[in-house]
Amino acid sequence: MTTTDPDGRRAALLDRLQGCFLGDPKPGTLPSGRTEALRRLHAYDPAAYSRTRNFLDAPVSRLSPYLRHGMITAVEVRDHIKTAFPNDPARLKELLRQLSWRDFFEQVLAWHCRGLEADLEEPKHTVARSARIPLDVVRGDTGLPCVDGMLHELFDSGQLHNHARLWFAAYLCHFRGVRWQEGARLFRQFLYDGDIASNSASWQWVEGTFASKPYFMNKQNVATFSGGRWCDTCQVKCQFDADYPTLQHRLFGGSTAPMSARNAERGTQNDPPPLPVRATPDEIGPLTAATDLVWVHDAAISWEDPAMKANPTAAVAFVFDEPSLRAEPWAYHRFAFVMDGLDDLFAHVPNPTKLTLVGDPSERLVALARSLGATTIHVSEHPNPWVVETVEQLRLSVRVVIHPRPVFAEYPHEPKRFSRYWDKVAPQVLGYRPNSSRRMHQ
Ligand SMILES: Cc1cc2nc3c(=O)[nH]c(=O)nc-3n(C[C@H](O)[C@H](O)[C@H](O)COP(=O)(O)OP(=O)(O)OC[C@H]3O[C@@H](n4cnc5c(N)ncnc54)[C@H](O)[C@@H]3O)c2cc1C
């Protein structure tokens, strides 16, 4: 654990969360919290971004875990970058355009909600897909040094460069014939920034159910953008070593699934045995009565978050969603990141009652509101279906006030293709209209 735990609060929480995370608690996770997010943002120099961002060793911002948890917002990143580097708009353009992908995907999620969990469009090929991730992939032991390298980075560090995500997604969907949903789930479990919007929409982009064609790479692409990290010494017969038309024909030319029968029979990823959901212990001591309660969800861990900021005297509660986590456990490092982020938040706010709970969020929040005498629950707006559905549940029992988030870009149309979205929002994001806005997603 990265923080000291003198009163054993965190140990008790982890004990309560047994079965909700993968791996053992261990030190050395990514520094978390808004304090760290601001430090990173202010230290970041985007000078080389547009020239280098596709290379694995590029100085990309690595801000996504903080953006994912609302420790910092895309609006803050955009405004800071434009203010801190006012004399070089052309060089900032690419970073701001990439940041806009995040907003675009959130707009896609807001539009489709749970619909994003299924294919948004018809697949552009007829190749069959399996609902199981082969065991060698889950073990990071495919025999391909590049794929195993990416998997070990994912499992051990919880981070993966965008290009590596694209390669791995293409490998799993097209070369191994696995449904994109399985890969998205693996990413959600292990990536610090694992979310629904950018994750599911990007997997669909690779699969071609949210793009005009599937994305795939060849060996030369991997070798170039990885700096030869794996390919220079690779001895295996490489499945990616062909030109694009050949690969296109191999992967999508016929209707035969690119998986062997042997692969299809292999096991699934780490589905944990179902554990009994424990009765909720009464871990909350005597509480100070409050008329309002703020629900801090996992995309709103910031003292600048609108619901927090508007309610400095309200009780504040975060709830680890036990039923969801038992169904889809997180890697331990994701927990540590959230818990450290909450410690940072709670240390910075004046609110007298600050709680971290475990259980069904709507049940726990309603019970807490009752025991506090709170009549209103405040929450910050977010398109995550889990947040939307929890709010609907809460509304059956209490008054709920939703606090709007700062708007990154106004786009009152169905978000279908990034190029169309960017044509409309670029002037808002950049402050001027760029010459050409059509570029590939990568
Ligand atoms: C298959 C796949 C799954 C992905 N899953 C996630 C996910 O679960 N969570 C997540 O936050 N991102 C996801 N991404 C998008 C992207 O890979 C990460 O946001 C990016 O790698 C984060 O690194 P960075 O902060 O250094 O980004 P930078 O390159 O420094 O960009 C700055 C910010 O812009 C946004 N951004 C940049 N590129 C993209 C992009 N292609 N799509 C969306 N937003 C972008 C991110 O918020 C990022 O923090 C996924 C991409 C792919 C291909």
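Residues numbered from 1 in each chain as written. Predicted model: local features only at pLDDT ≥ 70, side-chain atom pairs only at ≥ 80, totals over all residues. Heavy atoms only, no water.

In contact at an axis separation of 11 Å, helix α2 (residues 34–43) and helix α5 (residues 74–84) are set at 30° when each is read in the N-to-C sense. It follows that α2 is roughly parallel to α5 by the angle criterion. Handedness of the α2/α5 crossing: right-handed. Contact residues: α2 offers R34, L41 and H42, while α5 offers E76, V77 and H80. Grouping the constituent residues of the contact of α2 with α5 by class yields two nonpolar, two polar and two charged. (Axes fitted to C-alpha atoms, helices over the stretch in contact; angles between N-to-C directions. Helix = DSSP H or I, 4+ residues; strand = E, 2+ residues; numbered from the N terminus. Parallel < 35°, antiparallel > 145°, perpendicular 65-115°, else oblique. Left-handed = near helix turned anticlockwise from the far one by under 90°. Contact = heavy atoms within 4.5 Å. Nonpolar A, V, L, I, M, F, W, Y, C, P; charged D, E, K, R; others polar.)

So, on to the sheet that holds strand β7 (residues 399–403). Read across the sheet, five strands follow the order β5-β3-β2-β6-β7 without closing on themselves; strand pairing throughout is parallel. The outermost strands of the open sheet, each flanked by one partner alone, are β5 (354–359) and β7. With direction set aside, neighbouring strand axes in the sheet form an average angle of 30°. Strand direction decides the pairing type here: strand β2 (residues 292–295) and strand β6 (residues 376–380), joined by four bridges, are parallel. Residue pairing for β6: D292 is matched across the bridge by T376. Across the face of the sheet, helix α18 (residues 361–372) comes into contact with β2, β3 (315–321), β5 and β6 while running at roughly 155° to β3. (Pairing = 2+ DSSP bridges.)

The next subject is the pattern of salt bridges. Oppositely charged side chains may form a pair once their charged atoms are brought near each other. Counted according to the given criterion, the structure contains 26 salt bridges. The salt bridge partner of R40 is E36, with a shortest N-O separation of 2.7 Å. Taken as a pair, R40 and E36 lie in helix α2 at a separation of four residues, close to a single helical turn. Of the charged contacts, one joins D136 and R176 as a salt bridge, the two residues approaching to 3.0 Å between their closest N and O atoms. With D136 in helix α7 (residues 135–138) and R176 in the loop between α9 (162–175) and α10 (180–190), this residue pair connects regions lying 40 residues apart in the sequence. Connected through shared salt-bridge partners, R9, R10, D340 and D343 make up one network. (Salt bridge = Lys/Arg side-chain N within 4 Å of Asp/Glu carboxyl O.)

What follows is about the side chain of E207. Tracing the backbone through its elements, the reader meets E207 in helix α11 (residues 197–207). If near-sequence neighbours (up to four positions away) are discounted, E207 is found in contact with H125, R129, C173, H174, W180 and P214.

One can expect most non-glycine residues to show negative phi and most peptide bonds to be in trans. One non-glycine residue, R62, lies in the positive phi region at around 55°. You can see R62 is positioned in the loop between α3 (49–52) and α4 (64–68). The exposure class assigned to R62 is partly exposed, which follows from its relative accessible area of 42%. Even without glycine at this site, C113 takes up a positive phi of about 50°. When you line up the elements, C113 lands in the loop between α6 (89–112) and α7. (Buried < 20%, exposed > 50% of the residue type's maximum accessible area, 1.4 Å probe, protein only.)

With that settled, consider the packing of aromatic side chains. Here the structure, examined in full by the defined rule, presents 29 aromatic pairs. Aromatic side chains F104 and F105 sit 5.7 Å apart centroid to centroid with 45° between the ring planes, which places their arrangement in the tilted category. Accessibility expressed as a relative area gives 1% for F104, which makes it buried. On the basis of relative accessible area, F105 is assigned to the buried category, the value being 2%. Ring centres 5.3 Å apart and planes at 70° place the aromatic pair Y411 and Y421 in the edge-to-face group. A residue pair is termed long-range when its members are at least 10 positions apart, and Y411 in the loop between β7 and α20 (418–430) and Y421 in helix α20 qualify at ten residues. Each member of the pair Y411 and Y421 is classed as buried. Taken together, the aromatic side chains of W101, F104, F105, F210, Y411, F418, Y421 and W422 make up a single cluster linked through ring pairs. Between the NZ or CZ atom of R417 and the centre of the ring of F210, over which it lies, the distance is 6.0 Å. (Phe/Tyr/Trp six-rings, centres within 6.5 Å; stacked < 30°, edge-to-face > 60°. Lys NZ or Arg CZ within 6 Å of the ring centre and 35° of its normal.)

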